[in-house]
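Each chain, written out:
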Amino acid sequence: MDLRIFTEPQQGATYDTLLTVAKAAEDLGFDAFFRSDHYVRMGNVDGLPGPTDAWITLAGLARETRRIRLGTLMTAATFRLPGVLAIQVAQVDQMSGGRVELGLGAGWFEEEHKAYGIPFPKDKFARLEEQLEIVTGLWATKLGATFDFHGRYYDLTDSPALPKPAQEKIPVLIGGHGATRTPRLAARYADEFNIPFASVEDSERQFGRVRAAAEEAGRRADELTYSNALVVCVGRDDQEVARRAAAIGREVDELKAHGLAGSPAEVVDKIGRYAEIGSRRIYLQVLDLADLDHLELISAQVQSQLS
C-alpha cells in the first residue's frame, strides 16, 4: 500500500509551506506529494495569502526534491488548453527527471471560474474527453511526426507534439463517483483510477464498475491502479486526535466515519479494509500543513506497518 501526501493549498498556503511539506514527505518515506488545482478557498477559512498555481508549484518542487513523485488531484480541464497543458506537464516531468503524474478532471467549482474570469462551460465532460485524447496523443506521437486532432471543442493541425516527457509514459489519473461515463473514460485513458472521500462499500462498487469497463474496452482490469483519497487525522491518544480535528474544524466522530482518523492502530485497520477491496494507494488529505509532527507520526506508526 502506497501512502501519498495530498494537500489543498487553496485553503491557505505559500509555496514555501508546500516546499516544507513536500521535503518532509520525501524525507519521511512517503511515495508522493500531490496537490489540488483550485484558485478559491472552500469553507470557513480565509485562504490567505491566496492561491498558488498547481503546475508552477510542481515545477518548483521538481527542482527542489529528488525522489518523491509529484502530481495533481485533479487538474481542471477548464483551466488550460490541452496543448498548453501537455507542454507544461511534459516540461515539469523533464525538470523532475521523470517523476510527474497527471490527474485530470472536468472541473466543477463554478465560483473560482467566476472569480478569475475562467469560462465555465456546461459541456465539461465532453471537453475533458477531448483533452485526454489530445494530451495523451501529443505525448505518444513519435519524434519527427506531427499530431492532428479535429474535435468539437479543440482543433490541432500539424502539431510538432513537443516537448516529450522524460518518462516513456506519464501516468494519467482519472477519478470520481460517476457510474457510467467516468468508468468508461478511465478504461480508455487512465493508468490509475481514484475515488475521493468514499466509503469502503462505495469504493468497492465503483472499482467494480471501472474493472468491468476496462474489460469491455479490451484491457485487463488489473492494468489500472485503484486508489482512494481520504482525509487523515491521527493521534497517539484521544486528546491528540481531538486537537488535530479541532485544528481543521472537523469533528472526531465524523472523521472516523468518513476518513482515516484515530490511533495509528485504528487507521492501519481501516486502510486494511480498503486494501481488501483492491485499493493499492491512499492519498492522505493533510489539511493542517504546519503540523509536521503529524506526518512524522503517520510515517513512524502507520506507514511502517503497511510497507
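Structure shown above.
Residues numbered from 1 in each chain as written. Predicted model: local features only at pLDDT ≥ 70, side-chain atom pairs only at ≥ 80, totals over all residues. Heavy atoms only, no water.

J.: Even after reading the chapter, I still don't get the overall build of the protein, so can you show me in this structure?
T.: Secondary structure summary: the protein contains eleven helices and twelve strands in total. Its C-alpha atoms give the protein a radius of gyration of 19 Å, within 12% of the compact-globule value 19 Å for 307 residues. Dimensions of the protein, computed from C-alpha atoms along their principal axes, come out at roughly 60 × 45 × 35 Å. Per-residue burial over the protein gives 54% buried out of 307 residues. Taking all contacts inside the protein whose residues are at least 6 apart in sequence as the whole, residues at least 24 apart take part in 73%. The positive charge centre, built from 35 side chains, and the negative charge centre, built from 45, are 3 Å apart in the protein. (Helix = DSSP H or I, 4+ residues; strand = E, 2+ residues; numbered from the N terminus. Rg over C-alpha atoms; globule rule 2.2 N^0.38 Å. Buried < 20%, exposed > 50% of the residue type's maximum accessible area, 1.4 Å probe, protein only. Contact = heavy atoms within 4.5 Å. Lys, Arg positive; Asp, Glu negative; His and termini not counted. Charge placed at Lys NZ, Arg CZ, Asp CG, Glu CD.)

J.: Would you mind going over helix H3 (residues 82-96) with me for this structure?
T.: The α-helix advances 3.6 residues per turn, and as a result positions three or four apart in sequence lie on the same side. An ideal rise of 1.5 Å per residue puts 21 Å on 15 residues; H3 measures up with 21 Å between its terminal C-alpha atoms. Listed as buried for H3 are Pro82, Leu85, Ala86, Val89, Ala90, Val92, Asp93 and Ser96. The arc that holds every buried residue of H3, seen down its axis, measures 160 degrees, which confines them to one face. Among the structural elements, helix H2 (54-64), strand E4 (75-76), strand E5 (100-105) and helix H5 (124-140) are those in contact with the buried residues of H3. (Expected span 1.5 Å × (residues − 1). Arc of directions from axis to C-beta.)

J.: For this particular structure, what's the right way to read empty space enclosed by the protein?
T.: Where empty space is left in the structure can be found by rolling a water-sized probe over the atoms. Counted by the stated rule, this structure contains one cavity of 30 Å³ or more. In this model, the largest cavity occupies a volume close to 70 Å³. Contributing elements (two or more residues each) for the lining of the largest cavity: strand E10 (225-234) and helix H8 (238-247). (1 Å grid on protein atoms, 1.4 Å probe; cavity = no way out; pocket = protein on both sides within 12 Å on 5 of 7 lines; lining within 4 Å. Points joined across faces, edges and corners; volume = space filled by probe spheres on them.)

J.: What is the right way to look at the packing of aromatic side chains in this model?
T.: Within a pair of aromatic rings, the relevant descriptors are the distance that separates the centres and the angle that separates the planes. For the structure shown, the criterion picks out six aromatic pairs. For the ring pair Phe193 and Phe207, a centre distance of 6.4 Å and an interplane angle of 85 degrees mean the geometry is edge-to-face. With a gap of 14 residues between them, Phe193 in strand E9 (residues 192-196) and Phe207 in helix H7 (residues 200-216) connect regions that are remote in the sequence. Residues Phe193 and Phe207 agree in their burial class; the two are buried. Here a set of aromatic residues connected by ring pairs shows up, and it is made of Tyr39, Phe79 and Tyr116. Between the NZ or CZ atom of Arg211 and the centre of the ring of Tyr226, over which it lies, the distance is 4.4 Å. (Phe/Tyr/Trp six-rings, centres within 6.5 Å; stacked < 30°, edge-to-face > 60°. Lys NZ or Arg CZ within 6 Å of the ring centre and 35° of its normal.)

J.: Help me out: how do you make sense of the side chain of Arg35 in this one?
T.: Within the secondary structure, Arg35 sits in strand E2 (residues 32-35). Of the buried charged residues, Arg35 lacks a salt bridge, with Asp37 as the closest side chain of opposite charge at 5.4 Å. Among the polar contacts made by the side chain of Arg35, one reaches the side chain of Thr52 at a distance of 2.8 Å. Within the local environment of Arg35, its side chain forms a polar contact with the side chain of Thr57, the two groups lying 3.0 Å apart. Sequence-distant contacts of Arg35, that is, excluding residues within four places in its chain, are made with Phe6, Thr7, Pro9, Leu18, Thr52, Asp53, Ala54, Thr57, Leu58, Gly71, Thr72 and Leu73. (Salt bridge = Lys/Arg side-chain N within 4 Å of Asp/Glu carboxyl O. Polar contact = N/O pair within 3.5 Å; in protein donor to acceptor, adjacent residues only side chain to side chain.)

J.: Help me understand unusual backbone geometry, please; the structure alone is not making it clear to me.
T.: Excluding glycine, most residues fall at negative phi; most peptide bonds, likewise, are trans. Residue Pro49 is bonded to the preceding Leu48 through a cis peptide linkage, with omega at 10 degrees. The topology assignment puts Pro49 in the loop between E2 and H2. Met74 follows Leu73 through a cis peptide bond whose omega is -20 degrees. Topologically, Met74 is positioned in the loop between strand E3 (69-72) and E4. Positioned with a positive phi, Asp158 is a non-glycine residue whose angle comes to about 55 degrees. Here Asp158 shows up in strand E7 (residues 155-159). Using a relative accessible area of 51% as the deciding quantity, one classes Asp158 as exposed.

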